[in-house]
Amino acid sequence: MKRIEETFRALKVKKEKALIVYLTAGDPTLLKTEELILGLDRAGVDIVEVGVPFSDPTADGPIIQAAAKRSLDGGANLPDIIRMIKRIRRVSEIPIVLFGYYNPIFIYGNEQFARKAKEAGVDGILVVDLPPEESAELRRYTDKAGIDYISLIAPTSGGKRIGEIAGKASGFLYYISITGVTGTATPQAENVRTAVERIRKLTTLPVVVGFGISTPRQAAEIAPHADGVVIGSAFVRMIAEAGNAKDLVPGICRYAADIKRALKRRQTHGNG
Amino acid sequence: MGVFQQPVREGNTMQKLPDNKGHFGIFGGRYAAETLMPALIELEAAYRQAHKDKRFQKEFAAYLREYAGRETPLFYARRLTEKLGGAKIYLKREDLNHTGSHKINNTLGQALLARRMGKKRLIAETGAGQHGVATATVAALFGMECRIFMGEEDIRRQAPNVFRMKILGAEVVPVSSGTATLKDAMNEAMRQWVSRVRDTYYVIGTTAGPHPYPVMVRNFQSVIGRETKKQIRKMEGRLPDMLIACIGGGSNAMGIFYPFRNDRNVVLIGVEAAGRGITTGEHAASISSGRVGVLHGNKTYLLQDKNGQIHDAYSIAAGLDYPGVGPEHGYLHDTGRARYVAVKDSEAVDAFMALSRCEGIIPALESAHAVAYAMKIAPALDKKKIIIINLSGRGDKDAEVIVKRGEGK
């Protein structure tokens, strides 16, 4: 059974929503990222998105741009990130999605990437600038390896297009809740509800919502309308502020646990 | 078959270029974030329609004629030719266009398209500021709001163009990420477009970016080559032996090359910026020393490290200071139809001075790269040979850079 599928199935049974956390790998260091991911797992986070830094992150806002720069300045690269995931897999079964831009993968070599990522225990990939029109050249390897191809749906995507994307996607669908780059605006729960309902008519895959959610409260507001929420910039900002400080990992994990609790509470209320 | 997909003879096979997804062989395509995909599809449909619409083409031609001042002259550079003692050198005077460069050809076309699509707000990236000025100009002409993204380093070295954009009513947004040059300006323009995609039209200034930009910009710019062909036939009774153009993203080069693509005896030469020298690593020669990758919506030659991180480019000419190149140039390179060379800062500066003193024409530092290569090879060529240089822009904007280098005394 695939980890992502199993995670959503178990959440459904428990009537819980997924909390997905994004971190830029290598910020502040790869060792710290490893510690953070293990901590997030213990804190109850359901899936982690491991950001692969890129020099030109055109879909990201200032917070994640700065994280990518710190990570690259520290020497992080895709092969090392994959090795880190391999280490994590010795002790954790948390589903891991690699999140990034196409060029670092393309240069590593699509075939080699698929093989190494699978060996390391990567469950899914989300490549921001590789839409369905261009994804065949990578998916011929990653699909075969059994790596889920997580696809994005935007507020601007029309019905026909959503159908096409959903038809080819695997793992889960990621609805971009704002018309903008990461971490720069706050989604409206009502708009998200309408959008997710529209997507659900076209797919049975889980639908998660992200790009603009940063607080437990926002997460609790949005989550009931979807299968889960993704929070990135809020965590990345905390990492930027804490740097390599000792209390970084406990601080991040506490915040993640707070959000997970808020999601559960909302769920209980929603059912009651 | 529309002009959108031109047959190109390749050995014995006919290929449509680009294909219907914007691929030139392995190059090009549409590697964009999902938020932008619907906008790109809408843009492509609008452009296809406009392209076939005689009224649109007529209006575009009228603006090129009455507003930009086309056609631009083809000028025989007699003194430069005599000084070099070899091939005859002609200059296609794109510097004489309104706003001082070829960029206006494309911005007029795209602004007309934006108006047709009901968009009232234009954004653009700019390096040397020529495309920014050309975009600010058409925004004023058509009463549109305009925002230009420009690297802080470029704002510093191309101050006159910043003043011009502001006078024209555009907002100039300084970009400080990376090396604060053209690549970073383009990143920021794309982010802005993602955030305001519903009411905003993104005017890309070169033959790069996601489909349909490379083909659209090429088609708007190909007026350069069509005129050149007609003019040289009239002046010399035949086609030239060689076309030389500078390459940043490659729009002026595509503009002059494209109508000659099937004239196999015309050698096409693209001149990249070798900056301080290819071996120093400080240059912008993507084809000469880069490798294929994906950036800014298309697959093409890029300057990058072994992990696929994009290098910062460097050139004395802000308009060439870009770590990539238009995908069709990648294709022309790989098929051998065009040849790509690189010229250093110092050679471009020498050519800048030579053309100024010899012909009374101050070229843009970008265009001076093409002049420099012509000066290198013309002496060894037979006097009957004809070289046409695309003089893509004028050099007023570069006066300060030249004076600071201690030239022009």
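Described in the following lines is the structure provided in the data block. (Residues numbered from 1 in each chain as written. Chains lettered and ligands numbered in written order. Predicted model: local features only at pLDDT ≥ 70, side-chain atom pairs only at ≥ 80, totals over all residues. Heavy atoms only, no water.)

**Some details on the overall build of chain B**
Inference 1: Helix and strand counts for chain B stand at 16 helices and 16 strands.
Inference 2: The C-alpha atoms of chain B give 19 Å as radius of gyration, which agrees with the globular expectation for 409 residues (22 Å, within 12%).
Inference 3: Overall, chain B is about 55 × 50 × 50 Å in size when its C-alpha atoms are taken along their principal axes.
Inference 4: For chain B, the proportion of its 409 residues judged to be buried stands at 67%.
Inference 5: Sequence-distant contacts, at least 24 apart, represent 73% of the contacts inside chain B between residues at least 6 apart.
Inference 6: Surface accessibility of chain B: about 14400 Å² in total, with carbon and sulfur atoms responsible for 51%. (Helix = DSSP H or I, 4+ residues; strand = E, 2+ residues; numbered from the N terminus. Rg over C-alpha atoms; globule rule 2.2 N^0.38 Å. Buried < 20%, exposed > 50% of the residue type's maximum accessible area, 1.4 Å probe, protein only. Contact = heavy atoms within 4.5 Å. Areas by Shrake-Rupley, 256 points an atom, 1.4 Å probe, with all protein chains shown as cover.)

**Digging into unusual backbone geometry**
Inference 1: Between aspartate 27 of chain A and the following residue, proline 28 of chain A, the backbone shows a cis peptide bond with an omega angle of 0°.
Inference 2: Between arginine 70 of chain B and glutamate 71 of chain B the backbone carries a cis peptide bond, its omega angle lying at 5°.
Inference 3: Within the fold, glutamate 71 of chain B resides in the loop between α2 (54–68) and β5 (74–76).
Inference 4: Its identity as a non-glycine residue notwithstanding, lysine 15 of chain A has a phi of 55°, on the positive side.
Inference 5: Within the element layout of this structure, lysine 15 of chain A appears in the loop between α1 (3–14) and β1 (18–24).
Inference 6: By relative accessible area, which is 54% here, lysine 15 of chain A ends up exposed.
Inference 7: Here the phi dihedral of histidine 296 of chain B falls at roughly 50°; this positive angle occurs in a residue that is not glycine.
Inference 8: Among the secondary structure elements, histidine 296 of chain B is positioned in the loop between β13 (291–295) and β14 (297–302).

**Structural notes on the pattern of salt bridges**
Inference 1: Scanning the entire structure with this criterion turns up 52 salt bridges over all chains.
Inference 2: Lysine 229 of chain B serves as the salt-bridge partner of aspartate 263 of chain B, at 2.7 Å between the closest nitrogen and oxygen. In this pair, aspartate 263 of chain B is assigned in the loop between α11 (251–257) and β12 (267–275) and lysine 229 of chain B in helix α10 (residues 223–236), connecting sequence segments 34 residues apart. The exposure classification of aspartate 263 of chain B matches that of lysine 229 of chain B, with both residues buried.
Inference 3: The network of salt bridges with shared partners includes Arg3, Arg89, Glu93 and Asp123 of chain A. (Salt bridge = Lys/Arg side-chain N within 4 Å of Asp/Glu carboxyl O.)

**Remarks on the packing of aromatic side chains**
Two descriptors summarise a pair of aromatic rings, namely the distance from one centre to the other and the angle between the planes of the rings.
Inference 1: Applying the stated criterion across every chain yields a total of 16 aromatic pairs over all chains.
Inference 2: Aromatic pair phenylalanine 235 of chain A and tyrosine 255 of chain A: ring centres 5.5 Å apart, planes at 65°, arrangement edge-to-face. Here the residue phenylalanine 235 of chain A occupies a position in helix α11 (residues 233–242), and tyrosine 255 of chain A occupies one in helix α12 (residues 248–271), the gap between them amounting to 20 residues. Tyrosine 255 of chain A matches phenylalanine 235 of chain A in its accessibility class, with the two residues each being buried.
Inference 3: For the ring pair tyrosine 76 of chain B and tyrosine 90 of chain B, a centre distance of 5.3 Å and an interplane angle of 40° mean the geometry is tilted. (Phe/Tyr/Trp six-rings, centres within 6.5 Å; stacked < 30°, edge-to-face > 60°.)

**Regarding the sheet that holds strand β16 (residues 386–391) of chain B**
Residue and element names in this part refer to chain B.
Inference 1: Ordered in space as β5-β6-β16-β11-β12-β15, the six strands form an open sheet in which the pairing is mixed. Only two strands of the sheet have a single neighbouring strand rather than two, namely β5 and β15 (338–344). Pairwise comparison of adjacent strand axes, ignoring direction, gives a mean angle of 25° for this sheet.
Inference 2: Of the strand pairs in this sheet, strand β6 (residues 88–93) and β16 are connected by six bridges, and their pairing is parallel. Bridge pairing in β16 places lysine 92 opposite asparagine 390.
Inference 3: Across the face of the sheet, α10 comes into contact with β5, β6 and β16 while running at roughly 140° to β6. (Pairing = 2+ DSSP bridges. Axes fitted to C-alpha atoms, helices over the stretch in contact; angles between N-to-C directions.)

**Some thoughts on the sheet that holds strand β9 (residues 171–175) of chain B**
Residues and elements named next belong to chain B.
Inference 1: The four strands lie next to each other as β9-β8-β7-β10, forming an open sheet whose pairing is parallel. Two strands lie at the open edges of the sheet, namely β9 and β10 (200–202), each paired on one side alone. For this sheet, the mean inter-axis angle between neighbouring strands, taken without regard to orientation, is 25°.
Inference 2: Helix α5 (residues 130–142) rests against β7 (121–126) and β8 (145–151) of the sheet, and its axis sits at about 165° to β7.

**Re the interface of chain A and chain B**
Inference 1: Contact residues are listed per partner, giving 36 residues for chain A and 36 residues for chain B.
Inference 2: Buried area between chain A and chain B, both sides added, is near 2800 Å², and the carbon and sulfur share of it is 52%.
Inference 3: Inspection of the chain A/chain B interface yields three salt bridges.
Inference 4: Taken together, the links from chain A to chain B amount to 20 residue pairs in polar contact (both at pLDDT 80 or more).
Inference 5: Where the side of chain A that touches chain B is concerned, the elements lending two or more residues are α3 (62–73), α5 (102–108), β6 (151–153) and α8 (159–168) of chain A.
Inference 6: Among the elements that make up the side of chain A that touches chain B, the one with the highest residue count is α5 of chain A (five residues).
Inference 7: The class makeup of the residues in the side of chain A that touches chain B is 20 nonpolar, nine polar and seven charged. (Buried area = accessible area lost by both parts, 1.4 Å probe. Polar contact = N/O pair within 3.5 Å; in protein donor to acceptor, adjacent residues only side chain to side chain. Nonpolar A, V, L, I, M, F, W, Y, C, P; charged D, E, K, R; others polar.)

**Some points on α5 of chain B**
Residues and elements named next belong to chain B.
Inference 1: In this model α5 runs 18 Å from its N-terminal to its C-terminal C-alpha over 13 residues, within 8% of the 18 Å that 1.5 Å per residue would give.
Inference 2: With eleven of 13 residues buried, α5 lies mostly within the body of the structure.
Inference 3: Among all positions in α5, only Gln130, His131, Gly132, Val133, Ala134, Thr135, Ala136, Thr137, Val138, Ala139 and Phe142 are buried.
Inference 4: Its buried side turned inward, α5 meets α2, α4 (103–116), β7, β8 and α7 (159–167).
Inference 5: Looking one or two places after α5, you find glycine 143, whose phi comes out positive at around 65°. (Expected span 1.5 Å × (residues − 1).)

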